[in-house]
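The chain contents come next:
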Protein chains: 2
Amino acid sequence: MKFIQSSKNPVVKQWKKLLIKKERDQSRTYIIEGFHLVEEALKQEDTVLEIISVEGIDLPNKWNVDSIPMTLVSEEVGKVLSDTETTQGVFAICKQKEDSANIENAKTLLLLDGLQDPGNIGTIIRTADAAGIDLVVLGKGTADPYNPKVLRSAQGSHFHLPIVRKDLTEVITLLKEKGVPVYGTTLENGVEYVTIQPKGSYALIVGNEGSGMSQEVLSLTDQNLYIPIYGKSESLNVAIAAGILLYYFKNGQ
Amino acid sequence: MKFIQSSKNPVVKQWKKLLIKKERDQSRTYIIEGFHLVEEALKQEDTVLEIISVEGIDLPNKWNVDSIPMTLVSEEVGKVLSDTETTQGVFAICKQKEDSANIENAKTLLLLDGLQDPGNIGTIIRTADAAGIDLVVLGKGTADPYNPKVLRSAQGSHFHLPIVRKDLTEVITLLKEKGVPVYGTTLENGVEYVTIQPKGSYALIVGNEGSGMSQEVLSLTDQNLYIPIYGKSESLNVAIAAGILLYYFKNGQ
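K.L.:
Explain the overall build of chain A to me, and be specific about the residues and the numbers.
P.N.:
A count of helices and strands for chain A gives 10 helices and 12 strands. For 253 residues, the compact-globule estimate of 2.2 N^0.38 gives 18 Å, and chain A sits close to it at 20 Å. Overall size of chain A, expressed as C-alpha extent along the three principal axes, is 60 × 40 × 30 Å. For chain A, the proportion of contacts with a sequence separation of at least 24, taken over those separated by at least 6, is 76%. For chain A, the exposed surface amounts to about 11300 Å²; the carbon and sulfur share of it is 46%. Here chain A carries 26 positive and 32 negative side-chain charges, and the mean point of each set is 2 Å from the other.

K.L.:
Any chance you could break down the packing of aromatic side chains for me, citing the residues and the numbers?
P.N.:
Following the criterion strictly, the structure yields 14 aromatic pairs over all chains and no others. Summarising the aromatic geometry, the rings of Tyr-193 of chain A and Tyr-248 of chain A are spaced 5.0 Å apart at their centres and angled 85° between planes, so their arrangement reads as edge-to-face. Separated by 55 residues along the polypeptide, Tyr-193 of chain A in the loop between β10 (191-192) and β11 (202-207) and Tyr-248 of chain A in helix α10 (residues 238-252) bring together distant segments of the chain. Residue Tyr-193 of chain A shares its accessibility class with Tyr-248 of chain A, and that shared class is buried. Feature note: the residues Tyr-183, Tyr-193, Tyr-202, Tyr-248 and Phe-249 of chain A constitute an aromatic cluster, connected by ring pairs. Over the face of the ring belonging to Tyr-230 of chain B we find Lys-250 of chain A, whose NZ or CZ atom lies 4.5 Å from the ring centre.

K.L.:
Requested: an account of empty space enclosed by the protein, with residues and values cited.
P.N.:
All names here are of chain A. Going through the model one piece at a time under the given rule, you end up with three cavities of 30 Å³ or more. By volume, the largest cavity is sized at about 100 Å³. Lining the largest cavity we find Leu-19, Ile-31, Ile-32, Glu-33, Leu-37, Leu-81, Asp-83, Phe-91, Pro-148, Leu-151 and Arg-152. Of all the elements in the fold, those that place two or more residues in the lining of the largest cavity are β2 (29-33) and α7 (148-154). By residue class, the composition of the lining of the largest cavity is eight nonpolar, no polar and three charged. Taken together, domain 1 (2-95) and domain 2 (103-251) each give at least three residues to the lining of the largest cavity, which thus spans both.

K.L.:
Before we move on, can you summarise the sheet that holds strand β9 (residues 182-185) of chain A with the specific residues and values?
P.N.:
Residues and elements named next belong to chain A. Taken in spatial order, the seven strands line up as β8-β7-β6-β11-β9-β12-β10 in an open sheet, and their pairing is parallel. The strands lining the two open edges of the sheet, one partner per strand, are β8 (163-165) and β10. Strand contacts of helix α8 (residues 168-177): β6 (108-113), β7 (135-138), β9 and β11, with the helix running at about 155° to β6, the strand carrying the most contacts. α10 contacts β6, β9, β11 and β12 (223-226) of the sheet and is inclined by roughly 165° relative to β11.

K.L.:
For unusual backbone geometry, give the residues involved together with the corresponding values.
P.N.:
All names here are of chain A. Of note in this structure, Asp-46 is not a glycine but carries a positive phi near 55°. Assignment of secondary structure puts Asp-46 in the loop between α3 (35-42) and β3 (48-54). Asp-46 gets classed as exposed once you look at its relative accessible area, which sits at 51%.

K.L.:
Go over the domain arrangement of chain A, please, and point to the residues and values.
P.N.:
All names here are of chain A. If you check the domain split of chain A, you get domain 1 (2-95) and domain 2 (103-251). Relative placement of domain 1 and domain 2: their C-alpha centres are 30 Å apart. Buried area between domain 1 and domain 2, both sides added, is near 1200 Å², and the carbon and sulfur share of it is 59%. Inspection of the domain 1/domain 2 interface yields three salt bridges. Counting only elements with at least two residues in the side of domain 1 that touches domain 2, the list comes to α2 (21-27), β2 and α3. A per-element tally of the side of domain 1 that touches domain 2 places α3 first, with four residues. Its residues assigned to classes, the side of domain 1 that touches domain 2 comprises seven nonpolar, four polar and six charged.

Rules of the game
- Residues numbered from 1 in each chain as written.
- Chains lettered and ligands numbered in written order.
- Predicted model: local features only at pLDDT ≥ 70, side-chain atom pairs only at ≥ 80, totals over all residues.
- Heavy atoms only, no water.
- Helix = DSSP H or I, 4+ residues; strand = E, 2+ residues; numbered from the N terminus.
- Rg over C-alpha atoms; globule rule 2.2 N^0.38 Å.
- Contact = heavy atoms within 4.5 Å.
- Areas by Shrake-Rupley, 256 points an atom, 1.4 Å probe, with all protein chains shown as cover.
- Lys, Arg positive; Asp, Glu negative; His and termini not counted.
- Charge placed at Lys NZ, Arg CZ, Asp CG, Glu CD.
- Phe/Tyr/Trp six-rings, centres within 6.5 Å; stacked < 30°, edge-to-face > 60°.
- Buried < 20%, exposed > 50% of the residue type's maximum accessible area, 1.4 Å probe, protein only.
- Lys NZ or Arg CZ within 6 Å of the ring centre and 35° of its normal.
- 1 Å grid on protein atoms, 1.4 Å probe; cavity = no way out; pocket = protein on both sides within 12 Å on 5 of 7 lines; lining within 4 Å.
- Points joined across faces, edges and corners; volume = space filled by probe spheres on them.
- Nonpolar A, V, L, I, M, F, W, Y, C, P; charged D, E, K, R; others polar.
- Domains from an automatic or database assignment.
- Pairing = 2+ DSSP bridges.
- Axes fitted to C-alpha atoms, helices over the stretch in contact; angles between N-to-C directions.
- Buried area = accessible area lost by both parts, 1.4 Å probe.
- Salt bridge = Lys/Arg side-chain N within 4 Å of Asp/Glu carboxyl O.

Pasting the structure below:
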């Protein structure tokens, strides 16, 4: 097994670049960190390209890693690669797998329009996974799904359901051709969500934390929904709103 | 108006201490930051003890602050007081107002058992506010509601509904005497949440991010609920779970 001591080693510099979106986009790869995420990635075929572990860290015997290149690194290198304050000392380089053909087959879709907070995006991906959603689409202006904070908040759900980046207007046009109802979310001018209950296929869209969905996308939906505020808060967190709607829809299916 | 230039000024040191829980507990005060939070605090009687603003920052004319002591500070002092990377330059020192007598009058309660993540706690308080919950109780082992991150995530909901810290076993005993049904949440050995629908009063408990509710508290509930996972994620984020349950309950009321 290879061992790398110095954080100035060119290979380390290459890995570290994957903390930056531009570099991830160019290489079509990303880096994940921690036992749980690496384990979930290993369950997927053709995903993990390389495993990196800090010396002294024991990898679980059950991990099927015989065919995967592995590098041992010093604690110093581990700290450089980590996006967290206390690293678990295990990382993997993974392949970005976006197959837009999935849109054709997905029955239930969640579309994100301009979401910015990585923690929200990760939590929403995790919630969509839990609610049994078939596909998550990240529209223009939504933060990168391979951002380390998104990956961490999603707790492995990236490996459970397909996540694609695509222009939402194109996706909505396709869905309309297929007769899939498309529901937007809005604080105003919508109908209360409990008045509708999709049976079978649907697409739900949630929008930016501050400004909500873009006018362009809102104008393309079949119906726009709101969640009533019974107290004095101005709004719900977008991930909470997504959770309420996805489980409400699921209960009616 | 007083002006403080140096971050070494003893008054600044006193304010800065309020970033630490022990100091907040002793003084029964806390510090909030940003226009939205200060504005929400000012709407409450007998809450804001003092306003601090960085020189050059204009306070909204509509703020009713004539009777409140105000101090102008340098940018340097603003940075010292801020818990964020980019401060808005406006702060308030507020009085902790916990009135446990509220428990007697609350019809709908949300109880937090051992929650640790300040972002989750704040988001849950905001969600409880939105769902029209009467009271939030933070049990032992739950992080401080006056932690700056909790305050920020709650987006002013601290000023919209009462939040008390109290031993949950005591609270549950009191609720049972009053005949209020108490629902726990668990990943196992519960009933699916959609099989129940409280009418009128209820208390809902959510637990620690990793370990869930404590066995002690779980054993005191009338019924324990779970939210089904339809995909491959192991669990839901606790704030998402709270949002799904609170709105489900609300819809049936």
